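Summary of the model geometry
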Amino acid sequence: TTPKRFTSSTAYNPFVPLSSASERERVTTLFEGALRRWKKLFHHQTECHIRALYHFTLLRLQFPEVSDLPSLAGYGGYRRSIYTQNRYAISPEAVEVAWEVLGEVENASITHDRRMAIWLPIVAFLSGLTVWHYDATRKRSDARSGGSRFVKMFQSAILQLPWPCCADMASTLEKLST
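Below is a summary of the structure that appears in this document. Counting starts from 1 at the beginning of each chain's written sequence and moves along it residue by residue. Only residues with pLDDT of at least 70 get local features here, since the model is predicted, and only at 80 or more are side-chain atom pairs given and counted; chain-wide, interface and lining totals rely on the full set of residues. In computing side-chain properties, one takes all heavy atoms of the structure into account and sets aside hydrogens as well as water.

The description of an aromatic ring pair uses the distance of the two centres, along with the angle that the planes make with each other. Stacked, tilted and edge-to-face pairs are distinguished by plane angle, under 30 degrees for stacked and over 60 for edge-to-face with tilted covering the rest, among Phe, Tyr and Trp rings (Trp via its six-membered ring) whose centres lie within 6.5 Å. Counted by the stated rule, this structure contains 6 aromatic pairs. Ring geometry for Trp 99 and Phe 154: centres 5.0 Å apart, planes at 45°, overall tilted. Highlighted residues: Trp 99 in helix α4 (residues 92-110) and Phe 154 in helix α6 (residues 148-159), separated in sequence by 55 residues. Secondary structure is summarised from DSSP: a helix means a run of H or I of at least four residues, a strand means a run of E of at least two, and numbering begins at the N terminus for each.

Written as structure tokens, this is what we have:
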């Protein structure tokens, strides 16, 4: 199910005035098409660390502000800003993609080999922050994201990875889940 904005009839119309919004929609549509093609041709035969990157790319297209979440969460010594705390609107589809990232990262850590991709902690951390922020900005009656206890699942997956940055990322998720 492709969101309506990706199937816009104006996405390739050369007569639409050039603006940042129309260009973003056009480029997003191109990326979505390329990712659908890639999934159709290669998804079933790739390793889980590549599939994790694929799902993270989808997350990035659905929620472009995902890279702002570490500073909002207090990672790396940044302070949380109350002003920006409710600024980002995350769709339920983006949260579902974040869960897909977690599944692929967990699969990669199970098959733990020397060729483990360096991007796994980053995509798992940003996906966990997406679930956290979605939960933090929702009414308590909306349980679609899974709540803060499920952020611990991302923390656990990150701790299974062998890089030094994982401890700090897991510590940030621990603070957010309490």
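Soluble globular proteins: nonpolar side chains tend toward being buried together. What makes a nonpolar core is a set of buried Ala, Val, Leu, Ile, Met, Phe, Trp, Tyr and Cys residues whose side-chain atoms join them at distances within 4.5 Å. Burial classes: relative accessible area under 20% of the type maximum marks a residue as buried, over 50% as exposed, and values in between as partly exposed (1.4 Å probe, protein chains only). Membership of the largest hydrophobic core comes to 44 residues, with the highest contact counts inside it found for Leu 59, Phe 63, Val 105, Leu 120, Leu 129 and Leu 173. Listing elements by their share of this core, those giving two or more residues are α2 (48-62), α3 (69-73), α4, α5 (120-136), α6 and α7 (165-177). The element best represented in this core is α5, accounting for 9 residues. Residues are treated as being in contact if the distance between any of their heavy atoms lies within 4.5 Å. Among residues more than four places away in sequence, those in contact with Leu 59 are Val 66, Ala 94, Val 97, Ala 98, Ser 127 and Thr 130.

What follows concerns the side chain of Thr 130. By secondary structure assignment, the location of Thr 130 is in helix α5. The exposure class of Thr 130 is buried, given its relative accessible area of 0%. Excluding anything up to four places from it in sequence, Thr 130 contacts Leu 59, Phe 63, Val 66, Leu 69, Ile 90 and Ala 98.

A word on the environment of Ser 22. Structurally, Ser 22 can be placed in helix α1 (residues 20-42). Setting aside its immediate chain neighbours within four residues, Ser 22 contacts Val 16 and Pro 17. Side-chain polar atoms of Ser 22 contact the backbone nitrogen of Ser 19, separated by 3.0 Å. Between N or O atoms, a polar contact is any pair within 3.5 Å; within protein, one atom must be a potential hydrogen donor and the other a potential acceptor, and residues adjacent in sequence are included only when both atoms are from side chains.

For the purposes of this analysis, a disulfide is any pair of cysteine sulfur atoms at a distance within 2.5 Å. Applying the stated criterion across every chain yields a total of 0 disulfides. Cys 165 provides the cysteine sulfur closest to Cys 166, a residue in no disulfide bond, and the two sulfurs are 4.4 Å apart.

Once that is clear, we can look at the pattern of salt bridges. In what follows, salt bridge is the name for a side-chain nitrogen of Lys or Arg lying within 4 Å of a carboxyl oxygen of Asp or Glu. What the rule picks out here adds up to 4 salt bridges. Across the salt bridge formed by Glu 174 and Lys 152, the nearest N and O atoms sit 3.5 Å from each other. In this pair, Glu 174 sits in helix α7 while Lys 152 sits in helix α6, placing the two residues 22 residues apart along the sequence. Classification of Glu 174 as partly exposed rests on a relative accessible area of 31%.

Note that all results are geometric; they support no functional claim without further evidence.
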